[in-house]
Amino acid sequence: MPKINLRGVEKNYGANAANAVADLDLEIGDGEFMCLLGPSGCGKTTTLRMIAGLEHLTAGEIRVGPRVVDSVVEGVFVPPEKREMGLVFQSYALWPHLTIERNTDFGLRLRNMPKAEREQRVDKVMKTLGIEKYRDRYPSQLSGGQQQRVALARMLAVNPEVLLLDEPLSNLDAALRLEMRAELKRLHNEFKTTIVFVTHDQWEAMTLATTIAVMSEGQLQQVGTPNDIYDRPANRFVAQFVGNPPINIVELGNAKSEISARAGAFLGERYAELREAGSIGIRPESIRLASEAAEVPEGAFSGQAEVTGILPTGGSWIIELTRAGEKLFMTTHQSPEIEVGEAVAYWAKPKALHVFDTKGDRLEAADRLLRPGKMH
C-alpha cells in the first residue's frame, strides 16, 4: 500500500472566509490506521474529502505513493474514481432496491470482474464480516450495525489501496459501536489496508488508531501514537481535548488562587528554568489522596482540599476536590474510603505534571526536569 503525503494543503470556500484547512503537512504511512481527531468544524472531514478527490485544493499538493493526485501548482487533479480508494460515509449509502449480495458486489460489477472471481471475493469478504447469511435480504431488513458491515464489505470487496472512513460509527448505539471498533481493528490487522478514519470521539481514536492527527480550527495540532498524544500533549488544546474526565488545568500567577500559588511555588522553588510556565495540567488519574500531610511522599506536588463530590461511574469513581472555590478532579478504581465534607491532602508525582508556557505550548524544559529518562 502507498504512503499518502499532504504538503502545504489548504482549503478555502471563499475570499473572505477563514481557511477550513490551513497549511497542512501530513504523512500517512503504508498500512497505517490514521485517525483525524478533533471537534466539529476543525477541518478533519474536509481533509478526508480532499484525499478522496471530492474537494479541490485551494493550495498545496497530495501524493499517493509517487503519484501526484492533486496539485494546484502543477494543475493536476485525478478524479475520485481513479484514485483506487474506498470511501465509507457517515450514512451507509446502500442501494435500497438491491440485495446485500448485490450491494456488496456492486463495485466489482462496475469493473466487469469475471463472475467466478467476483463470487469468490464476495463470499470471502461477507464471511469475514459475518453477513453471509443476510445475502438475500435488503438493507431495510437489517439493523444499523449490519448495514455498517455491508458498507464496509462493499468497499473491501474492491480491495482498495486506501480506505477512507468518515465517522462511520456515529449512528450506532454504544454496544454496537464497541463491537464495530473491535471489528475494524481486526479488519485492519487482516487486510493491512491503509485506513484514514475521521472521528470527534477521542476513545474511538485512542482504541483504533496506530497514529492520531489532532486538528483544531483547520490547523494540525499534533501527530503521534495514542500514547504520545495522551502522555505528552503538544499544547493545552490537545491536553484538554483528549482525556475523560478532562485534564485539570491550574493557571499560574493567580494571586487569589491557593492551588495556583502552591503550583507556582512548587515549580519556582525547584526549577528556575521553568519561569516561562503559564499553567500546569494534571491528569485526574495522577492525583492521589492522603488522610494527612505526613503521608504525602517527599518531593510531590501537594496541597489540602475538601472532598465535595464522589461520583461513581461503574468500576471507577470521580472525586471532586475543592479549595477556596477552585476544583480539582481525580479518578480511582478503588472504592473510596472517604466522605463528602472530609478534609484530605492531595498529591501528584512531579513527572505527572504537564507544564505549558503562556501561549499554551508544551514547555519542553519541564519534560527534561520533571520526567528524566522519559524524553522521546
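Placed above this text is the structure.
Described in the following lines is the structure provided in the data block. Counting restarts for each chain, with residues numbered from 1 along the sequence as it is written. Local features in a predicted model are, by the rule used here, given only for residues with pLDDT of at least 70; side-chain atom pairs are given and counted only at 80 or more, and totals for whole chains, interfaces and linings are based on all residues. Excluded from the side-chain calculations are hydrogens and water; all other atoms, namely the structure's heavy atoms, are used.

What to know about the pairing of strand β4 (residues 59–64)
- Examined bridge by bridge, strand β1 (residues 4–11) and β4 share five bridges and lie antiparallel to one another. Its bridge partner lying in β4, I4 is registered against V64.
- Being paired, for any two strands, means DSSP has found at least two bridges between them. Numbering of helices and strands runs from the N terminus, with a helix taken as a DSSP run of H or I at least four residues long and a strand as a DSSP run of E at least two residues long. The pairing of β4 with strand β5 (residues 67–71) spans four bridges and is classified as antiparallel. Following the sheet pairing, V64 is matched in β5 by R67.

Here's the deal with the packing of aromatic side chains
- Think of it this way: a Phe, Tyr or Trp ring, Trp meaning its six-membered ring, pairs with another when their centres are within 6.5 Å, and the plane angle makes it stacked under 30 degrees, edge-to-face over 60, tilted otherwise. Per the stated rule, a full pass over the model turns up five aromatic pairs.
- Relative to F241, the ring of F237 has its centre 5.7 Å away and its plane inclined at 15 degrees; by these criteria the two rings are stacked. A residue pair is termed a helical-turn pair when its members lie 3 or 4 positions apart in one helix, as F237 and F241 do in helix α9 (residues 236–241) at four residues.
- Relative accessible area serves as the criterion here: at 26%, F237 is assigned to the partly exposed category.
- Centroid distance F266 to F301: 5.6 Å. Interplanar angle 65 degrees. Geometry classified as edge-to-face. Residue F266 is located in helix α10 (residues 258–270), and its partner F301 is located in strand β15 (residues 301–312); the two are separated by 35 residues in the primary sequence.
- Aromatic ring contacts, followed pair by pair, group F266, F301 and Y346 into a single cluster. The buried label goes to any residue with under 20% of its type's maximum accessible area, the exposed label to any with over 50%, and the partly exposed label to all in between, with areas taken from a 1.4 Å probe on protein chains only.

Section: the sheet that holds β5
- Strand order in this open sheet of five strands is β2-β1-β4-β5-β6, and the pairing throughout is antiparallel. Each edge of the open sheet is held by one strand with a lone partner, namely β2 (21–28) and β6 (76–77).
- The contact criterion used is simple: two residues touch if any of their non-hydrogen atoms lie within 4.5 Å. Only C-alpha atoms enter the line fits that serve as axes; for helices the fit covers just the stretch in contact. Angles between N-to-C directions range over 0 to 180 degrees. Along the sheet, helix α1 (residues 44–52) makes contact with β1, β2 and β4, crossing β1 at roughly 120 degrees.

As for the nonpolar core
- Take the buried residues of types Ala, Val, Leu, Ile, Met, Phe, Trp, Tyr and Cys, join any two whose side-chain atoms come within 4.5 Å, and each joined set is a nonpolar core. Grouped together as the largest cluster of nonpolar side chains are 44 residues, with contacts concentrated most on L129, I131, L152, L163, L165, F197 and I212.
- Of all the elements, helix α5 (residues 144–157) adds the most residues to this core, at seven residues.
- Excluding residues within four positions of it along the chain, L163 makes contact with G86, V88, L152, M155, L156, T193, T194, I195 and V196.
- With 28 residues, the next largest nonpolar core counts V250, F266, I282 and L328 among its residues.

Looking at α1
- Taken across its nine residues, α1 has seven buried, putting it largely inside the fold.
- Along α1, the residues that are buried comprise K44, T46, T47, L48, M50, I51 and A52.
- Just past α1, the residue G53 takes up positive phi, approximately 95 degrees.

Here we look at the packing of α5 against helix α6 (residues 174–191)
- Close contact between α5 and α6 brings their axes to 11 Å; oriented N to C, the two are set at 15 degrees. Accordingly, the angle class assigned to the pair α5 and α6 is roughly parallel. In this structure, the crossing between α5 and α6 has a hand that is right-handed. Across the interface between the two elements, G145, Q148, R149, L152 and L156 from α5 touch L176, E179, M180, E183, L184, L187 and F191 from α6.
- Just so you know the grouping, Ala, Val, Leu, Ile, Met, Phe, Trp, Tyr, Cys and Pro go in nonpolar, Asp, Glu, Lys and Arg go in charged, and all remaining residues, Gly too, go in polar. Of the residues that constitute the contact of α5 with α6, the class distribution is seven nonpolar, two polar and three charged. If an angle is under 35 degrees, it is roughly parallel; if it is over 145, roughly antiparallel; if it lies from 65 to 115, roughly perpendicular; otherwise it is oblique. By the definition used in this description, the sense in which the near helix is turned from the far one sets the handedness, with an anticlockwise turn below a right angle giving left-handed and a clockwise turn giving right-handed.

Interpretation note: all reported values are geometric properties and have no functional meaning in isolation.
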